[in-house]
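# Chains, contacts and geometry: an overview
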Amino acid sequence: MKLLAQFFTWWNGSTWGTRFYTWRFGRRVGEDQFGNVYYEGDGGRRWVQYNGPAEPSTIPAGWHGWMHKRTNTPPSEENYVARDWEKPHKPNMTGTPYAYVPKGSLSSQEKRPKVTGDYEAWRP
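First, a word on scope: everything that follows refers to the structure included in this document.

Parameters at a glance
- Residues numbered from 1 in each chain as written.
- Predicted model: local features only at pLDDT ≥ 70, side-chain atom pairs only at ≥ 80, totals over all residues.
- Heavy atoms only, no water.
- Buried < 20%, exposed > 50% of the residue type's maximum accessible area, 1.4 Å probe, protein only.
- Helix = DSSP H or I, 4+ residues; strand = E, 2+ residues; numbered from the N terminus.
- Pairing = 2+ DSSP bridges.
- Phe/Tyr/Trp six-rings, centres within 6.5 Å; stacked < 30°, edge-to-face > 60°.

### Description of the pairing of strand β3 (residues 46–49)
The two faces of β3 match: R46 and V48 on one face and W47 and Q49 on the other face are all buried. Sheet analysis places strand β2 (residues 37–40) next to β3, joined by four bridges and oriented antiparallel. Residue pairing for β3: Y38 is matched across the bridge by V48. Here β2 folds back onto β3 in antiparallel fashion, the turn holding five residues, of which G43 has a positive phi close to 75°.

See below:
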């Protein structure tokens, strides 16, 4: 089943077509701390092969800038240092029990706090 998924699904990792294209035309540029591998091809095309499921939020800020052509120098060829305000990666928790649920949401048991000038329903 896993072999079949590699042929037809892109979200479980690279498909065989992407792997062949990468082998044939890709030039490995570098790897990040999550194990994602970055490639560049003819015409300046850039892509990433994720280590595990395709989760774009795992691309660090330095590599994100290179992928979107904000810089031509990849972080692997320079001493890239993250800025103080850059936070470490946190996975997307949507759909899990750890997802953020604000007060007053239908998924939350808590009531939202009253505020000044709060809405009052119309009564005839």
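### Re the packing of aromatic side chains
In the structure shown here, the tally under the stated rule is six aromatic pairs. Between the aromatic rings of Y38 and W63, the centroid separation amounts to 4.1 Å while the plane-to-plane angle is 0°, which identifies the pairing as stacked. Of the two residues, Y38 sits in strand β2 while W63 sits in helix α3 (residues 61–67), which places them 25 residues apart along the sequence. Judged by its relative accessible area of 0%, Y38 falls in the buried class. In this structure W63 comes out as buried when scored by relative accessible area, which is 5%. Between the aromatic rings of Y39 and W47, the centroid separation amounts to 6.0 Å while the plane-to-plane angle is 20°, which identifies the pairing as stacked.

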